Amino acid sequence: MKRYKPAKTPVVPFSKDLGLYFKAKREEAGFTQAEVSQFLGHRTAMLVSKFERGVAAIKFTDLVKVVKLYKLKESEVMQVLMDEQEKLFSFYMKSRQAN
């Protein structure tokens with residue numbers, strides 16, 4: 001059995017709901033995807049676009065920067081992340097029971 005190795009830089013699992021949440025918060029804060037990408041040190045808006053569409057993960061370090069940039073309450077973001085993890089866990093538990 002392979003031994004578990006954590007990622008060098010932890011990432012936030014992606015989901016469409018989580019991406020939509022951060023897209024709405026970005027728009028409320030008045031930023032474009034390009035501006036956020038530049039703030040995070042990326043050359044293009046592709047990462048932000050993929051994260052907001054729920055097709056790519058984002059590094060926790062980048063997420064912390066985004067939370068601060070958008071001036072979000074940490075408790076609100078934590079609740080959104082926990083809700084997403086709960087949905088993900090429930091999905092996998094149900095799929096395992098079906099097998």
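Residues numbered from 1 in each chain as written. Predicted model: local features only at pLDDT ≥ 70, side-chain atom pairs only at ≥ 80, totals over all residues. Heavy atoms only, no water.

## Remarks on the confidence of the model for the chain
The predicted coordinates should not be examined in detail at positions where pLDDT is low.
Then step 1. For the chain, per-residue confidence averages 88 on the pLDDT scale, and 89% of positions sit at 70 or higher.
Then step 2. Highest mean pLDDT in the chain belongs to helix α2 (residues 33–40) (96); lowest belongs to strand β1 (residues 11–12) (75). (pLDDT = per-residue confidence, 0-100. Helix = DSSP H or I, 4+ residues; strand = E, 2+ residues; numbered from the N terminus.)

## Describing the packing of aromatic side chains
Then step 1. Considering all chains together, one arrives at three aromatic pairs under this definition.
Then step 2. Ring geometry for Phe22 versus Phe51: centroids 5.6 Å apart, planes at 50°, classification tilted. Of this pair, Phe22 sits in helix α1 (residues 16–29) while Phe51 sits in helix α3 (residues 46–53), and the two are 29 residues apart along the sequence. One exposure class covers both Phe22 and Phe51, and it is buried.
Then step 3. A ring pair is formed by Phe31 and Tyr70, whose centres lie 6.1 Å apart and whose planes are at 25°; its orientation type is stacked. Of this pair, Phe31 sits in the loop between α1 and α2 while Tyr70 sits in the loop between α4 (60–69) and α5 (74–98), and the two are 39 residues apart along the sequence.
Then step 4. Ring pairs connect the aromatic residues Tyr21, Phe22 and Phe51, which therefore count as one cluster. (Phe/Tyr/Trp six-rings, centres within 6.5 Å; stacked < 30°, edge-to-face > 60°. Buried < 20%, exposed > 50% of the residue type's maximum accessible area, 1.4 Å probe, protein only.)

## Brief notes about the nonpolar core
Then step 1. Leu18, Phe22, Val36, Leu63, Tyr70, Leu72 and Val77 are the most contacted members of the largest nonpolar core, which totals 18 residues.
Then step 2. Going through the elements one at a time, α1, α2, α3, α4 and α5 are the ones with two or more residues in this core.
Then step 3. For this core, the element with the highest residue contribution is α4, accounting for four residues.
Then step 4. For Phe22, the residues in contact, after removing those within four places along its chain, are Phe51, Glu52, Leu63, Val66, Val67, Tyr70, Leu72 and Val77. (Core = buried A, V, L, I, M, F, W, Y, C linked by side-chain atoms within 4.5 Å. Contact = heavy atoms within 4.5 Å.)

## Let's talk about the side chain of Arg26
Then step 1. Residue placement: Arg26 occurs in helix α1.
Then step 2. Assessed through its relative accessible area of 6%, Arg26 is described here as buried.
Then step 3. When near neighbours in sequence (up to four residues on either side) are disregarded, Arg26 contacts Phe31, Thr32, Gln33, Val36, Glu52 and Tyr70.

## Quick look at unusual backbone geometry
Then step 1. The backbone of Lys71 sits at a positive phi, close to 55°, despite the residue not being glycine.
Then step 2. Looking at the element boundaries, Lys71 is found in the loop between α4 and α5.

## A word on α3
Then step 1. Residues of α3 that are buried: Val48, Ser49, Phe51 and Glu52. Buried positions in α3, seen along its axis, are confined to an arc of 165° and lie on one side of it.
Then step 2. Where α3 is buried, its residues touch α1, α2 and β2 (58–59).
Then step 3. A positive backbone phi angle near 80° is found at Gly54, which sits one or two residues after α3. (Arc of directions from axis to C-beta.)

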